Amino acid sequence: AAEVLPLAEAVAPLRFLEEVLAQRSQRAAAEEREAQARYEVLLAKAEAARKQLQVALEAAQAEAAPELREESRVLEVMSRVLRFEDVDLREAKAAAEAKEAEATKAEAAACRPTR
């Protein structure tokens with residue numbers, strides 16, 4: 001019986017530590033559940049805010065759509081006009097170069113001595 005007593009005394013601190021660890025584990029689990037609940041609340045609020053912003057964005061786009069379509073149409077017309085002007089300018093430049101070449105030929109012919 002003398003040997004059993006020291007073994008029981010040795011096990012007592014281990015049981016105490018086991019109990020402390022169990023309590024800490026329960027506290028940690030409770031804190032984790034609380035944190036998860038707070039996260040879910042924040043996530044729900046963020047999702048609600050995202051939906052509100054999406055609705056506002058869609059409303060703003062719908063409101064601006066006619067104006068944007070008009071601006072797009074104006075830009076397309078301007079682009080076509082500029083392309084036509086570019087073609088006209090190229091044609092005018094080519095004609096001017098042709099006239100300049102003719103004038104250069106005529107000048108050269110006029111400067112040639114005749115026999």
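First things first, this report covers the structure right here in the doc. Computed from a prediction, not measured in an experiment: that's the story for all the values here.

Concerning the overall build of the protein
For step 1, the next point in the chain: A tally of helices and strands in the protein yields one helix and zero strands.
For step 2, the next point in the chain: Over its C-alpha atoms the protein spans a radius of gyration of 45 Å, topping by over 25% the 13 Å that the globule rule assigns to 115 residues.
For step 3, the next point in the chain: C-alpha atoms of the protein, sized along the principal axes, occupy 150 × 45 × 10 Å.
For step 4, the next point in the chain: Counting over 115 residues, the protein shows a buried share of 1%.
For step 5, the next point in the chain: Total accessible area computed for the protein in this model is approximately 10800 Å², and 61% of it derives from carbon and sulfur atoms.
For step 6, the next point in the chain: Treating the 18 positive side-chain charges of the protein as one cloud and the 23 negative ones as another, the clouds have centres 6 Å apart.

Some details on the environment of alanine 62
For step 1, the next point in the chain: Within the element layout of this structure, alanine 62 appears in helix H1 (residues 4–111).
For step 2, the next point in the chain: The class of alanine 62 is exposed, set by a relative accessible area of 52%.
For step 3, the next point in the chain: Spatially, the C-alpha atoms of alanine 62 and alanine 49 are 20 Å apart, while their sequence positions differ by 13 residues.

So, a nonpolar patch on the surface
For step 1, the next point in the chain: Taken together, the side chains of Leu14, Phe16 and Leu17 make up a nonpolar region of the molecular surface, amounting to roughly 340 Å² of accessible area.
For step 2, the next point in the chain: Summarising the element assignment, phenylalanine 16 is placed in helix H1.
For step 3, the next point in the chain: The class for phenylalanine 16 is exposed, based on a relative accessible area of 54%.

Parameters at a glance
Residues numbered from 1 in each chain as written. Predicted model: local features only at pLDDT ≥ 70, side-chain atom pairs only at ≥ 80, totals over all residues. Heavy atoms only, no water. Helix = DSSP H or I, 4+ residues; strand = E, 2+ residues; numbered from the N terminus. Rg over C-alpha atoms; globule rule 2.2 N^0.38 Å. Buried < 20%, exposed > 50% of the residue type's maximum accessible area, 1.4 Å probe, protein only. Areas by Shrake-Rupley, 256 points an atom, 1.4 Å probe, with all protein chains shown as cover. Lys, Arg positive; Asp, Glu negative; His and termini not counted. Charge placed at Lys NZ, Arg CZ, Asp CG, Glu CD. Patch = residues over 30% accessible without salt bridge, like charges linked within 9 Å, V, L, I, M, F, W, Y side chains within 5 Å. Salt bridge = Lys/Arg side-chain N within 4 Å of Asp/Glu carboxyl O.

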